[in-house]
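Architecture at a glance
Residue strings, one per chain:
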Amino acid sequence: MRIRKVVRAFTEPAALQNYVGFVDAVAEEHLLKYWECKQQLKVQPLAEKFTFTLACRLILNIHESEEVEELEKLFNRLVSGLIAWPVNLPGTRYNRALQASKELRKKFETMIRQRRTDVQEKKKLVSKQDIFSLLLQEKYKDGENVSESDLANKITGVILAAHISTSSTMVSIIKSLAELPQVYEGVLKEHMEIAKSKGPEELLNFEDIRKMRYSWNVASEVLRLQPLSSGTFREALADFQYNEFIIRKGWKLHWGMLLTQKKILNTFRILKSLIHRDLKEINREFHSRMSHLAEVLTYVLESSMLSYKSLYSCIM
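All chains use their own residue numbering, which begins from 1 and follows the written sequence. Since the coordinates come from a predicted model, pLDDT governs what is reported: local features require at least 70, and pairs of side-chain atoms require 80 or more to be given and counted, while whole-chain, interface and lining totals use all residues. In computing side-chain properties, one takes all heavy atoms of the structure into account and sets aside hydrogens as well as water.

As recorded in an unreviewed UniProt entry, the protein chain goes by the name Beta-amyrin 28-oxidase, listed as coming from Melia azedarach.

1. Quick look at the overall build of the protein chain
Rules: Segments assigned H or I by DSSP are reported as helices when at least four residues long, segments assigned E as strands when at least two residues long, and all are numbered from the N terminus. Residue contacts are defined here by distance: any two heavy atoms, one from each residue, within 4.5 Å place the two residues in contact. Each accessible area is a Shrake-Rupley estimate made with a 1.4 Å probe; only the visible protein chains count as cover when residues are assessed.
Helix and strand counts for the protein chain come out as 14 helices and four strands. Sequence separation of at least 24 residues holds for 62% of the intrachain contacts in the protein chain that already meet a minimum separation of 6. Counting only carbon and sulfur atoms, one obtains 58% of the accessible surface of the protein chain, whose full area is about 21300 Å².

2. Some remarks on the packing of helix α5 (residues 65-80) against helix α8 (residues 148-179)
Worth spelling out the cut-off: Axis lines are fitted to C-alpha atoms, over the contacting stretch for helices. Their N-to-C directions set the angle, which ranges from 0 to 180 degrees. Any angle that falls under 35 degrees is termed roughly parallel, while one over 145 is termed roughly antiparallel, one within 65 to 115 roughly perpendicular, and all others oblique. Amino acids are sorted into nonpolar (Ala, Val, Leu, Ile, Met, Phe, Trp, Tyr, Cys and Pro), charged (Asp, Glu, Lys and Arg) and polar (every other residue, Gly among them).
Direction vectors running N to C along α5 and α8 enclose 80°, while the axes themselves pass 12 Å from each other. When the axis of α5 is compared with that of α8, the two are roughly perpendicular. Side by side, α5 and α8 meet where F75, N76, L78 and V79 of the first sit next to T156, I159, L160, H163 and I164 of the second. Looking at the contact of α5 with α8 residue by residue, the classes come out as six nonpolar, three polar and no charged.

3. Quick word on the confidence of the model for the protein chain
Just so we agree on the cut-off: Confidence of the predictor in every single residue is expressed as pLDDT, which spans 0 to 100.
The pLDDT averaged across the protein chain works out to 79; a share of 77% of its residues lies at or above 70. Considering only residues more than four positions removed or in separate chains, one finds that residues 264-279, a stretch of pLDDT under 50, has 18 contacts.

4. What to know about helix α4 (residues 43-60)
To be explicit about the condition: Given a helix with a known number of residues, its expected span is that number minus one, times 1.5 Å. Exposure is judged per residue with a 1.4 Å probe applied to protein chains only, and the accessible area is read against the type maximum: over 50% gives exposed, under 20% gives buried, and values in between give partly exposed.
Spanning 18 residues, α4 covers 25 Å between terminal C-alpha atoms, matching the ideal 26 Å at 1.5 Å per step. Judged by how many residues are buried, α4 sits mostly within the fold: 13 of 18 residues are covered. Where α4 terminates, the next one or two residues include N61, which has phi positive at roughly 60°.

5. Some details on the environment of W85
In this fold, W85 is placed in the loop between α5 and α6 (93-120). By relative accessible area, W85 is classed as exposed at 75%.

6. Remarks on the pattern of salt bridges
Threshold: Salt bridges, as used here, are contacts in which a Lys or Arg side-chain nitrogen is within 4 Å of a carboxyl oxygen on Asp or Glu.
Throughout the structure, instances matching the rule amount to twelve salt bridges. The partner of K49 in a salt bridge is E72, and the shortest N-O contact between them spans 3.2 Å. With a gap of 23 residues between them, K49 in helix α4 and E72 in helix α5 connect regions that are remote in the sequence. Salt-bridge contacts for D208 lead to K198; the nearest nitrogen and oxygen are separated by 2.6 Å. In this pair, D208 sits in helix α10 (residues 206-210) while K198 sits in the loop between α9 (181-196) and α10, placing the two residues ten residues apart along the sequence. Like D208, the residue K198 is buried in the burial classification. A cluster of three or more residues bridged by salt bridges with shared partners is formed by K198, E202 and D208.

7. Structural notes on the nonpolar core
Nonpolar side chains tend toward joint burial in soluble globular proteins. Note the cut-off: Put simply, a nonpolar core is a bunch of buried Ala, Val, Leu, Ile, Met, Phe, Trp, Tyr and Cys residues held in one set by side-chain atoms that sit within 4.5 Å of each other.
One finds L60, L71, F75, F108, I155 and I159 to be the most contacted residues of the largest nonpolar core, which totals 35 residues. Residue assignment for this core shows that the elements contributing at least two residues are α4, α5, α6, α7 (131-136) and α8. Ranked by residue count, the leading element in this core is α4, at eight residues. Beyond its immediate chain neighbours, meaning those up to four positions away, L71 contacts F52, C56, L60, I62, L104, K107 and F108. Counting five residues, the second-largest nonpolar core is a separate cluster that includes V183, V187, V218 and V222.

8. Describing the environment of E103
Within the secondary structure, E103 is located in helix α6. On the basis of relative accessible area, E103 is assigned to the partly exposed category, the value being 34%. In this structure the C-alpha to C-alpha distance between E103 and L71, which are 32 residues apart in sequence, comes to 9.4 Å. For E103, the contacting residues outside a window of four places in its chain are L74 and R77.

9. Quick notes on unusual backbone geometry
For C37, which is not a glycine, the phi torsion comes out positive at approximately 65°. Even without glycine at this site, N61 takes up a positive phi of about 60°. Inspection of the secondary structure puts N61 in the loop between α4 and α5. Judged by its relative accessible area of 37%, N61 falls in the partly exposed class.

10. Notes on the packing of α8 against helix α11 (residues 213-225)
Geometry of a packed helix pair, given as the angle between the helix axes and the separation of the axes. Direction vectors running N to C along α8 and α11 enclose 105°, while the axes themselves pass 10 Å from each other. Accordingly, the angle class assigned to the pair α8 and α11 is roughly perpendicular. Contact residues: T169, S172, I173, S176 and L177 in α8; V218, A219, V222 and L223 in α11. Here the residues of the contact of α8 with α11 sort into six nonpolar, three polar and no charged.

So this is what it looks like as structure tokens:
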């Protein structure tokens, strides 16, 4: 099943140009409903709601708000169990995530059967506008149709990835704009210039997106400093030396995306040097290094966790 090829065809630049106006309309609807005239609000849950609604409409072609909200509740339960301890007891987050996963698969399998039936009965043609319809046309290498369970799992993975990564990026950007007023003013100025060139009811188009050069640079810098993933796992193909460390062939390595963008001191050298200093100097050094040590320890704890992909496969 060529899931990567299907998603790539849906997200390539030529295809994305067709969705700019649609995304703009959904964003306006969301802002008017949840953001307008609000003195205070929580960005994270609202960003997740927006991206999930967008994913349901673009990937599954679901527009009914009640159906979207029902799926959103199940996905939230699933996400809450991705990094939970794998204790399958009633009432635990892991158990609730497993139950949510089963319910999601049942719903998706029902949707798959219904859409295939509609196509066979020629009630409606298969749409080329959502990933769901493209996946329905996929076949195994032997020419057989992809099973409903496999399709349901793939759809769950696609929505999960699109939902979480996009909402996290939005929250990081909004947080950075709130902390940097001068950057916020630059983004606002650029967007206001584009808004002035549009008609009252005119939606954004791809040419408008190309004009957002400053906004794109801001988003890129936020992703550089706050990457979505903590890193990836790799295997050493040959012996090599990094600084004073010898890495042997076959060792499993974790590449920390966040740490490659920051100057991280060698904590072990710091601790070793502290042993040979007097108590007063140790106290001064301790207080000056507390923030750095906390960051390194946090990274070590995060690196010891299973990768996102492994956790997802365990739950699914």
